[in-house]
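One-letter residues, chain by chain:
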Amino acid sequence: MAFNKPRKRRKNSQKAEDKEDFSIKLNTNLDDNIENIKKLLDDPNDLVTRTFSIGHTKYTCAVAYIDGLTNTTLINQMIIRNVQAEVESPETKVSEAGAPLLDRLYNEWLSVGGVKKAYSLDDVSLAILSGNTVILVGGTDQVIIIDTQGGPERAVEEPTTERLIRGPKVGFTENIRTNTVFIRKRIRDANLRFQSYKIGRRSKKTLIVTYIDGIVHPNLISEVNKRLKTIDLDDAAESGFIEQWIEDSFLTPFPQLEHTERPDKVAQALTDGKVAILLEGTPFALIAPITFSNMLHSPEDYYERWLFSTLIRFLRYLAAFIAVFLPALYIALLSYHPGLIPYKLAFFIAASREGVPFTAAVEAFMMEITMELLREAGFRVPQPIGQTIGIVGGIVIGQAAVAAGIVSPIMVIIVAITAISSFSLPAYGLAISFRILRFGFMLAAAIFGLYGIILAYIVVNIHIVNLKSFGVPYSTPFAPSFKGGWKDIVIRAPLTTLGKRPGYMKPKDKKRMNKGGNTS
Amino acid sequence: MKPFDYADEKIGQKEIGFALPSLVIGVSILSLPRVVADTTKFADGWVSVLIAGLLSLLFTWITATLVSRFPNQSFLDYSSKLISKPLALSLTLFMILYFVLFTAFEINYIAILTKQYLLDETPKEIISFVFLLLVIYAVAGSRAALFRLNILFLPIVVIVLLILLIGALSVFDPKHLFPLFKTNWMGYLKGVKGSFLAMTGWEILLIYSALIRPPVKAVKPAIIGMCVPIILYLLLYIVTIGVYSNIVTRNLVFPTVELAKEVEIPGGIFERAETLFFTVWIMTIFSTASIFYDVSVMTISSIFKKTKKAIIIFILAPIIYVISMLPKSFIEVTNFGHFISFMAYFAAFIIPALLLLIAKIRRIREDKEGMA
């Protein structure tokens, strides 16, 4: 695909091109190094550089970090205090400056877990800007980077876009470390893998690909990695950038990666043999590959008992049908096939439409667009006046439009049912595509009636069978179907009968439970 | 980007098993009860349908056995080995003509039916044109996707047909079925002949054999796949006669669709079930048309190996459209149908049987068994 062709990578050439007044290498002089860092960052006021002596020795070292990005308590207690105070014991004899001194700092005096050495100003600047602390020592061109990331972050909350009645109440946050923790806390498997990337020329955000080795098909991992490696952009503000970059086709209304805020959903996807992608700075993780039926499933389907879940799934497929087809059917039946409507209802509709100056198609388009406007306005307005939108929408438009004879009451009912149905879909990404499809179906119905609807339905089906998400046909497990796949599409069979992972993922380890139980 | 296909792209047994009934169930089933009832008395037509069905199974078996001797070879390739190359080429050309005409027939028929049951004012040309565009869109995609489409559609179509049959049972009158066996031999034979057009379809195996993996196992799914329409036809015929009686069935243009008129949708949500039935039926007509179109494309590309698929599709499209527009009246369309079923005798019976016979006599087989 054209957009995925490997692009020429500009390797930080900028700094080399315009000759700056600082050197890009670290040198052995402590003051020069600090000066270099300051010049590189143009001496911002949130950059803290502090030179202090090491205990009672004659040597000095310096820390540099960005205020606010770091955990200042950690720096003060474990780094500065340790080095200043703990080194004062008489047996600590420091004889050499430079590298040996740095090693002793590294090995003995820094009471922090995440410590590593670095050798270039590039690493140093990236470390400082990521919220790490750098320790510089005179006489060597090595520095120590200490993991002190901190700074303000949102507390863990219940995911707002995917609420469940039953299920864990934690959602991902913007902090990628928190997010990996949530996954680790759910899967304590030694084969859980986290592969990290730096994404963004400017933003250098961390992106983590996670999967369970031994379940996932190796081709999937190599394909995901291959696609991720082509990403080269200034900043991926949200995982949507990643999604749009690595998806199979952009000529489709359907999402090919699922986004979720729920750690339990990610954990379940991983055990199914899928891959999840986490990006720093967004609570939305991506899951790949996905299929059409995945998008109509909710994690709660597995938490509730199978009978209820099955019925809820029926309801959801019905909701999907209504969300896409109902306005189109209204148009088709009223404009082309009034004979299909039971005659009593037909009389009622005819009576209620009396005086409505527009055709059914115009009426439906007007109301659906109004509904879209209301929905959009409802998202955008500040919370306190959100109520107003409801009143304006519900009373003014619904009631007044009918009273004024612009639309028929039955149309208002249709719009309302359609909206409710599309809100009851578990995956927002699919709900969006259904909104697009709905207008397409309405257009088809306006032109060709039922013939148009069935043709449009066939078009959507052709599109879906041709669409793939990371090589998995979007229409799986309907077609191609897999043995036992029917147990978890429309119905959700009792949990103990779902002993195998989904066949279309071609998992290396097929069984996910042992019905006989662990008797040993 | 290199295709990443760990969810295999192949035409397996299941796909063949679905493709055959999707192909066979098309437009002919809609008029089948009339055609058969025309030459038989009371409900005796089921004998004709059964004989035609058994013959179809036999020839499906012959065709599948033939192609399983030549794994991964195109029709042109293996027929060249059996009969000389020029002869094989002319056979291939004949097949192309047959498939193209069949596609055009389906596209013509959809316009007739749609005009009758859905859109009485829209011009035939537009109805066909939109439908043809759809078929092109399906064929332009990958072949595996086309098979997936059949797997999606066939269950819907079969379930709708079964609902129709069950729903019509409320007005089913067993008296219409008796007495049994009052038809003479000629009547039965004519009935068999009449029902063939609704049964042909296994000849696509001649072409698709190049894709089937493993090819040796094509026989079983093909037979099972063919059983689906045959059983449905038998049930349909008996129910139609039971509901309408022989005399009425003879005079209905599309008895199968009319049957839906007798079905009452519970709760009275919709009236006129026949409109809904036909709307769903468009899906299977679409399957038939798209498979025939795809087979035509595949046969042509076996001759012009270097031509791109897209080019063949777009050259073929106007040809099919023009042919489909040629028959103007319903009688002309029916005659067109007769002509195609005449060609089908060659395509579906004589050619496979002859080729298998030659292969047996000359002992040519290129599957593993033959090699060993």
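This is a predicted model, so every value here is computed, not measured.

**Here we look at the sheet that holds strand β1 (residues 47-53) of chain A**
All names here are of chain A. With respect to topology, five strands assemble into an open sheet ordered β1-β2-β4-β5-β3, the strand pairing being antiparallel. Every other strand in the sheet has two partners, leaving β1 and β3 (115-118) as the edge strands with one partner each. Averaged over neighbouring strand pairs, the angle between their axes works out to 25° when direction is ignored. Here strand β2 (residues 60-66) pairs with strand β4 (residues 133-137) via four bridges, running antiparallel. In the strand pairing of β4, Cys61 is matched with Val137. Lying over the sheet, helix α3 (residues 72-85) contacts β1, β2, β4 and β5 (143-146), oriented at roughly 20° with respect to β1. Packed on one face of the sheet, helix α4 (residues 99-109) meets β3, β4 and β5 and runs near 160° to β3.

**Let's talk about the interface of chain B and chain A**
With 40 residues of chain B at the contact, the number on the chain A side is 43 residues. For the pair chain B and chain A, the summed buried surface comes to about 3,800 Å²; carbon and sulfur atoms form 71% of the total. At the junction of chain B with chain A, the criterion picks out zero salt bridges. Counting across the chain B and chain A interface gives three residue pairs in polar contact (both at pLDDT 80 or more).

**Overview of the UniProt feature "transmembrane region" (unreviewed entry) in chain A**
Residue and element names in this part refer to chain A. In this numbering, the UniProt entry assigns the feature "transmembrane region" (unreviewed entry) to residues 314-333, 385-404, 410-432 and 439-460. Between the end C-alpha atoms of residues 314-333 there is a gap of 25 Å, over a span that is 100% helix and 0% strand. The distance separating the terminal C-alpha atoms of residues 385-404 is 26 Å; by composition the span is 90% helix and 0% strand.

**A closer look at the packing of helix α4 (residues 75-82) of chain B against helix α5 (residues 85-117) of chain B**
Residues and elements named next belong to chain B. Packing of α4 against α5 brings their axes to within 8 Å, and their N-to-C directions diverge by 140°. The angle between α4 and α5 places the two elements in the oblique class. In terms of crossing hand, the pair formed by α4 and α5 is right-handed. Within the contact between the two elements, α4 uses Phe75, Leu76, Ser79 and Ser80 and α5 uses Lys85, Ala88, Leu89, Leu91, Thr92 and Met95. Class assignment of the residues belonging to the contact of α4 with α5 gives a composition of six nonpolar, three polar and one charged.

**A short note on the domain arrangement of chain A**
Taken as a whole, chain A is organised into domain 1 (13-146), domain 2 (176-290) and domain 3 (302-473). In this structure, domain 1 of chain A and domain 2 of chain A have C-alpha centres spaced 34 Å apart.

**Describing the sheet that holds strand β6 (residues 192-199) of chain A**
All names here are of chain A. The sheet built from five strands is open, its strands ordered β6-β7-β9-β10-β8 with antiparallel pairing. Unpaired on one side and paired on the other, β6 and β8 (258-260) mark the two borders of the sheet. Averaged over all pairs of adjacent strands, the angle between their axes in this sheet comes to 25°, without regard to strand direction. Two strands pair when backbone bridges link them, and strand β7 (residues 205-212) and strand β9 (residues 275-279) are joined in this way by four bridges, in the antiparallel orientation. From the neighbouring strand, Val209 faces β9, where its bridge partner is Ile277.

**Quick notes on empty space enclosed by the protein**
In the structure shown here, the tally under the stated rule is two cavities of 30 Å³ or more. Its boundaries defined by the atoms lining it, the largest cavity holds a volume of some 50 Å³. Every residue lining the largest cavity is listed: Leu23(B), Val24(B), Gly26(B), Ser28(B), Phe102(B), Glu106(B), Leu197(B), Ala198(B), Thr200(B), Thr288(B) and Phe292(B). If you list the elements that add at least two residues to the lining of the largest cavity, you get α1 (13-24), α5, α8 (185-199) and α12 (273-303) of chain B. When its residues are assigned to classes, the lining of the largest cavity shows six nonpolar, four polar and one charged. Quantified by volume, the second largest cavity comes out at close to 40 Å³. Around the second largest cavity, the lining residues are Pro255(A), Leu257(A), Glu258(A), His259(A), Met295(A), Ala427(A), Tyr428(A) and Gly429(A).

**Some details on a negative patch on the surface**
Taken together, the side chains of Asp31(A), Asp32(A), Glu35(A), Asp42(A) and Asp43(A) define an acidic patch exposed on the protein surface. Of the residues examined, Glu35(A) reaches a relative accessible area of 40% and is grouped as partly exposed.

Analysis parameters
- Residues numbered from 1 in each chain as written.
- Chains lettered and ligands numbered in written order.
- Predicted model: local features only at pLDDT ≥ 70, side-chain atom pairs only at ≥ 80, totals over all residues.
- Heavy atoms only, no water.
- Pairing = 2+ DSSP bridges.
- Helix = DSSP H or I, 4+ residues; strand = E, 2+ residues; numbered from the N terminus.
- Axes fitted to C-alpha atoms, helices over the stretch in contact; angles between N-to-C directions.
- Contact = heavy atoms within 4.5 Å.
- Buried area = accessible area lost by both parts, 1.4 Å probe.
- Salt bridge = Lys/Arg side-chain N within 4 Å of Asp/Glu carboxyl O.
- Polar contact = N/O pair within 3.5 Å; in protein donor to acceptor, adjacent residues only side chain to side chain.
- UniProt positions renumbered as here; feature names shortened; annotations may be inferred.
- Parallel < 35°, antiparallel > 145°, perpendicular 65-115°, else oblique.
- Left-handed = near helix turned anticlockwise from the far one by under 90°.
- Nonpolar A, V, L, I, M, F, W, Y, C, P; charged D, E, K, R; others polar.
- Domains from an automatic or database assignment.
- 1 Å grid on protein atoms, 1.4 Å probe; cavity = no way out; pocket = protein on both sides within 12 Å on 5 of 7 lines; lining within 4 Å.
- Points joined across faces, edges and corners; volume = space filled by probe spheres on them.
- Patch = residues over 30% accessible without salt bridge, like charges linked within 9 Å, V, L, I, M, F, W, Y side chains within 5 Å.
- Areas by Shrake-Rupley, 256 points an atom, 1.4 Å probe, with all protein chains shown as cover.
- Lys, Arg positive; Asp, Glu negative; His and termini not counted.
- Charge placed at Lys NZ, Arg CZ, Asp CG, Glu CD.
- Buried < 20%, exposed > 50% of the residue type's maximum accessible area, 1.4 Å probe, protein only.

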